[in-house]
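An overview of the molecular structure
What follows is the residue order along each chain.
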Amino acid sequence: MNLYHLRYFSTLAHIEHYTKAADILAITQPSLSYAISTLEEELGVKLFEKNGRNVTLTKYGKVFLNDVEEVLNRLDSSVNSLKLAGKGEGCIDVVFLRTLGIDFLPKIMRGFLEENPTKKIDFNLYCDKVLTSDILNGLKEKKYDLGFCSKLDNEPLIEFIPVARQELVVIVPLDHPLAVKDEVRLEDTIPHKQIIFKKRSGLRQIIDGLFECIGQTPDVAYEIDEDQVAAGFVSNGFGICVAPNIPILQSLNVKILPLVSPSWQRNFYMAMLKNVYHPPVVEAFKKYVIEQAQKEWDYKTS
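Residues numbered from 1 in each chain as written. Predicted model: local features only at pLDDT ≥ 70, side-chain atom pairs only at ≥ 80, totals over all residues. Heavy atoms only, no water.

Thoughts on the confidence of the model for the protein
- The predicted model of the protein has a mean per-residue pLDDT of 90, with 97% of residues at 70 or higher.
- Residue range residues 298-302 is modelled with pLDDT below 50. Its contacts to residues more than four positions away, or to other chains, number 17 contacts. (pLDDT = per-residue confidence, 0-100. Contact = heavy atoms within 4.5 Å.)

Listed below in C-alpha cells is the structure:
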C-alpha cells in the first residue's frame, strides 16, 4: 500500500468507473485495476463490487473511504501549509505576556501585515501562559515559534532580543500615607506591607535586585502572579506594590508614584529557541520586530 494507491482508491470510489477514473488520474486502466487489486489483497477484503459497467463500494469500502479521505485531507492541508511557509507565508505561533497584548504586540503585528499585503500570513496568539517561565518552557517544548516576555537568567537554549521597555512605579491605595507624595524612593516603601510577584515571574528577579541594591527586604503581605491582579489588591488596601506602569492603573483607586531611587525600567524581550530551524515567515517577522525596536519602540504604557 502506498499513497498513490489511496488516491486511486478515493478517485475510483467517487467516479465509479475504471476507464473514467484512469483518465482523470492520467494512468492506464490496467494500472488502476492492478493498484486496486493489490490494495484489496493487502487488506484482505473487497472494496468494490461490479454494478453493470460501473463499480460501487462494498460495506468495507465505504468505511475505508471515510478514513482514507480524512488522512488525505489532513496530509494535503499539511503539505499546503508547509509550501506556504516555504514562500514566506503561513501561520506564526506567538506567546506573550498579557501586558504586551494591550498595545505593543497589536501594533507590531499590524505593521508587519501592512508591509506584506500580498502574502497570506496569520497569527496564532497565546496569552494563557501568564509568566515568563511558562512561556520559555513552551518555547523549549516547541509549542510556539517565538515569545514576548521578560528575560530569565540561566536559559542557554533561548535567544533574548530586547524589543521594548516599561517603567516601574510604586502604586499605593489613595488613603495610604505615601499617597501624599509625588515620588518615592525604594527606602520609603520598607515600613509598609507590600504585594510582590511570585518567584517564577521575570519581574520578581528585577524587583528583588532593586531591594538588594538598598540592602533591605520588603514586608510581604501577598505574592501574586500577574501585575493586573497585584494592582487590584493594592486598590483594595492589601498593601503597596512596585509594579510596571500599565494602563489599567489609570482606572483603579491607586496613586501612581514615580520610583526615583533606584530608578529602573522593565525590559521586554523577544524570545526564540537558538540553533533550530525557523520557517521564512517567522524569520521575516523576527527581522521586522528587531527593526521596529531599533527605530521607534520605546515602549511605555503610561
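Section: the environment of Tyr277
- Tracing the chain through its elements places Tyr277 in the loop between β12 (265-273) and α9 (280-295).
- By relative accessible area, Tyr277 is classed as exposed at 66%.
- Considering only alpha carbons, one finds Tyr277 and Asp145, 132 residues apart in sequence, at a separation of 10.0 Å. (Helix = DSSP H or I, 4+ residues; strand = E, 2+ residues; numbered from the N terminus. Buried < 20%, exposed > 50% of the residue type's maximum accessible area, 1.4 Å probe, protein only.)

Examining the state of the cysteines
- This structure, assessed with the given rule, holds zero disulfides.
- Cys91 carries a free sulfur, and the closest cysteine sulfur to it, the one in Cys127, is 15 Å from it.
- We note that Cys213 lacks a disulfide partner, and the nearest cysteine sulfur, in Cys241, lies 18 Å from it. (Disulfide = S-S within 2.5 Å.)

A look at the packing of helix α2 (residues 18-25) against helix α3 (residues 29-43)
- Where α2 contacts α3, the two axes come as close as 8 Å, and the packing angle between them is 100°. If you check the angle between α2 and α3, you find them roughly perpendicular. On α3, the residues touching Tyr18, Thr19, Ala21, Ala22 and Leu25 of α2 are Gln29, Leu32, Ser33 and Ile36.
- Residues of the contact of α2 with α3, tallied by class, amount to six nonpolar, three polar and no charged. (Axes fitted to C-alpha atoms, helices over the stretch in contact; angles between N-to-C directions. Parallel < 35°, antiparallel > 145°, perpendicular 65-115°, else oblique. Nonpolar A, V, L, I, M, F, W, Y, C, P; charged D, E, K, R; others polar.)

Description of the environment of Asn236
- Relative to the helices and strands, Asn236 resides in the loop between α8 (227-235) and β10 (241-244).
- A C-alpha to C-alpha distance of 8.8 Å links Asn236 and Val254, two positions 18 residues apart in sequence.
- Within the local environment of Asn236, its side chain forms a polar contact with the side chain of Ser235, the two groups lying 3.4 Å apart. (Polar contact = N/O pair within 3.5 Å; in protein donor to acceptor, adjacent residues only side chain to side chain.)

Description of the packing of helix α5 (residues 104-115) against α9
- Relative orientation of the contacting elements α5 and α9 amounts to 115°, with a least axis distance of 10 Å. Both α5 and α9 take part in a crossing whose hand is right-handed. On α9, the residues that touch Ile108, Met109, Gly111, Phe112 and Glu115 of α5 are Val281, Ala284, Phe285, Tyr288, Val289 and Gln292. (Left-handed = near helix turned anticlockwise from the far one by under 90°.)

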